[in-house]
Amino acid sequence: MGVAVSGGADSVALLRLLLELRSQLGVVLSVVHFNHGLRGAESEADEQFVAQLAQQNGLELRCNRGDVMNYAASRHLSTEAAARQLRYQYFRGLLGEKRLNCIATGHTLDDQAETVLLKLVRGAGTRGLAGIYPRLPVGGSQISVAIVRPLLSTRRSRLEAYLKEIGQEWREDSSNRDLRHARNRVRLGIVPRLERSLNPAVRETLAETAEIARAEEEYWQAEVARVLPTLWEADRRILQVSELGRLALALRRRVVRAAAECLGLHLEFKHVEEILGPRPAKSSMLPGGWVFSRTDGALQFDRPDRKEKAANSDYEYAMAVPGLVQVPEIQACFEAAVIRAVAAPGYNPDQVFDPALLGKELTVRNWRAGDRFWPAHSKSPKKVKELLQDRKLTGSVRKLWPVVASGPEIVWVRGFPAPARLRPREGATEILTIREHSEL
């Protein structure tokens, strides 16, 4: 088990508690630290503190860092969101490489309460109000690795009292007092005022709300999974209105959102109301250039600003290494990048290759009859046709499914891990990544 330790009170307390309980739990612990590099010397001191803590307790340290500011700028994210993405990409990389079977983080009841409040004021439904999940599976439901949060029912103040009692120091993050960050305004100002003016147990109440919302969300997800396949024609982007109208309003809303998410489209409440409301529009603009239109018996999602080629035509494009190529047939672009291995936490470990094992030019195309691919964690190569059958794809979506070839060999297939023999060797200084983006 890895323990994510930032140096703050919550994560240090988690580590000390697990050290006390490890014989009872039967776990082997190691320390995981990600240096965001946002506070200069203070960040370096945090890393040094965590390294000393690991050494004092005879634990292995797994440590990495990322360029949060550049990552945030390139993806138009807030600093907080970028830091979280890079941190969790690192965690998932460790779990995906099977170096650890789980990673525990020090999220507390206070974090849960703050998250629920932030989600509420930003307009979340029950999915958002579910807040921080106690367990976050990694790699799909068939893989038993996860990020876990064992302290979600524990107040931060109790953890600080515990550390003082055992004489354990911790690091204070100066950015936690920066009121430019929304979470800090909630933590330092809004929640204390709610406690004084409305409910002394507001943190517990918000955490209970998350618990209720998670259970309800699990129920509704199962209902949507049961109903959606009977109403949604993915290859035509059509929802059957007659059957949809027989469902309860709550389920209708979720089915519409789920259908849109199949297209990579995330609808807000106002968009769903335009589609389903008491005076539904015949057609309306949706985010990302999408349009929905109502015809006899169906709701159609379309992108009139993108002219798709005929669904039965093949495509094939050369992609230099490094380089980027657009594929209008599937409204996507593909990028091959060679980067320093130290930057790997910003990338999906399933799409990482040894550059020496691939050519200087790759080919992006749709799969063809007879193509074979050997994804990591499988015993032998399989026909791409068979791999896609397991995904239950239909129509043009299946026919236009992208692959990347190096010479005659298929080295990448969307949704599958890279072949094990093409992964970077131990100690490699450079890696090659293949990533798919929405069309530029």
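Everything in this summary refers to the structure shown in the same document. (Residues numbered from 1 in each chain as written. Predicted model: local features only at pLDDT ≥ 70, side-chain atom pairs only at ≥ 80, totals over all residues. Heavy atoms only, no water.)

Quick look at helix H2 (residues 41-56)
A rise of 1.5 Å per residue sets the reference length of H2, with its 16 residues, at 22 Å; its end C-alpha atoms lie 22 Å apart and thus fit the reference within 8%. The inward-facing, buried residues of H2 contact helix H1 (9-25), strand E2 (30-35) and strand E3 (60-65). (Helix = DSSP H or I, 4+ residues; strand = E, 2+ residues; numbered from the N terminus. Expected span 1.5 Å × (residues − 1). Contact = heavy atoms within 4.5 Å.)

Describing the sheet that holds strand E7 (residues 232-233)
Read from one edge of the open sheet, five strands run E7-E8-E11-E10-E9, paired in antiparallel fashion. The sheet is open, and its two borders are formed by E7 and strand E9 (283-285), each paired with just one other strand. As defined by bridge partners, strand E8 (residues 238-240) adjoins strand E11 (residues 298-302) across three bridges and the pair is classed as antiparallel. Residue Ile238 lies in a different strand from E11, and its bridge partner there is Gln300. Relative to E8, helix H11 (residues 249-262) is tilted by about 160 degrees, and along the sheet it contacts E7, E8 and E11. (Pairing = 2+ DSSP bridges. Axes fitted to C-alpha atoms, helices over the stretch in contact; angles between N-to-C directions.)

A word on a positive patch on the surface
On the surface, a cluster of positive charge is contributed by Arg84, Arg92, Lys119, Arg122 and Arg185. Locating Lys119 in the fold gives a position in helix H5 (residues 109-121). When its relative accessible area of 38% is taken as the criterion, Lys119 is described as partly exposed. (Patch = residues over 30% accessible without salt bridge, like charges linked within 9 Å, V, L, I, M, F, W, Y side chains within 5 Å. Areas by Shrake-Rupley, 256 points an atom, 1.4 Å probe, with all protein chains shown as cover. Salt bridge = Lys/Arg side-chain N within 4 Å of Asp/Glu carboxyl O. Lys, Arg positive; Asp, Glu negative; His and termini not counted. Charge placed at Lys NZ, Arg CZ, Asp CG, Glu CD. Buried < 20%, exposed > 50% of the residue type's maximum accessible area, 1.4 Å probe, protein only.)

A look at the sheet that holds strand E12 (residues 316-320)
Sheet strands pair via backbone hydrogen bonds, and the direction of the pair is either parallel or antiparallel. With respect to topology, four strands assemble into an open sheet ordered E12-E16-E19-E20, the strand pairing being antiparallel. Lying at the two open borders of the sheet, with one neighbouring strand each, are E12 and strand E20 (409-413). Sheet twist, expressed as the average angle between the axes of neighbouring strands with direction ignored, equals 30 degrees. By the bridge criterion, four bridges tie strand E16 (residues 361-366) to strand E19 (residues 402-406) in an arrangement that is antiparallel. Among the inter-strand pairings, Arg365 is bridged to a residue of E19, identified as Val403.

Concerning the packing of aromatic side chains
Enumeration over the complete set of coordinates arrives at seven aromatic pairs. Each ring, one from Phe34 and one from Tyr90, has its centre 5.8 Å from the other, and the planes form 40 degrees; the classification is tilted. Of this pair, Phe34 sits in strand E2 while Tyr90 sits in helix H4 (residues 79-96), placing them 56 residues apart in sequence. The same class applies to Phe34 and to Tyr90, which are both buried. Taking the ring centre of Tyr88 as reference, the NZ or CZ of Arg84 above it sits at 4.3 Å. The ring of Tyr133 is capped by Arg214, whose NZ or CZ atom sits 5.9 Å from the centre of that ring. (Phe/Tyr/Trp six-rings, centres within 6.5 Å; stacked < 30°, edge-to-face > 60°. Lys NZ or Arg CZ within 6 Å of the ring centre and 35° of its normal.)

Details of the packing of H11 against helix H12 (residues 269-276)
One way to put it is that H11 packs onto H12 with a least axis distance of 10 Å and a crossing angle of 110 degrees. Classified by the angle their axes make, H11 and H12 are roughly perpendicular. Along its contact with H11, which presents Arg252, Arg253, Val256 and Arg257, the element H12 presents Phe269, Val272, Glu273, Ile275 and Leu276. Within the contact of H11 with H12, the residues separate by chemical class into five nonpolar, no polar and four charged. (Parallel < 35°, antiparallel > 145°, perpendicular 65-115°, else oblique. Nonpolar A, V, L, I, M, F, W, Y, C, P; charged D, E, K, R; others polar.)

Structural notes on the pairing of E11
E11 sits mainly inside the fold: four of its five residues count as buried. One ladder, built from five bridges, connects strand E10 (residues 291-295) with E11; its direction is antiparallel. Following the sheet pairing, Arg294 is matched in E11 by Leu299.

Overview of the nonpolar core
Grouped together as the largest cluster of nonpolar side chains are 26 residues, with contacts concentrated most on Val5 and Leu15. Listing elements by their share of this core, those giving two or more residues are H1, H2, strand E4 (102-104), strand E6 (145-148) and helix H7 (156-166). Broken down by element, the residue count for this core peaks at seven residues, all from H1. If we skip the residues at most four places from it in the chain, Val5 touches Ser11, Val12, Leu15, Val31, Val32, His33, Val50 and Leu53. Ranked by size, the runner-up nonpolar core spans 24 residues in total, among them Leu231, Val255, Ile275 and Trp290. (Core = buried A, V, L, I, M, F, W, Y, C linked by side-chain atoms within 4.5 Å.)

Keep in mind these numbers describe shape, not what the thing actually does.
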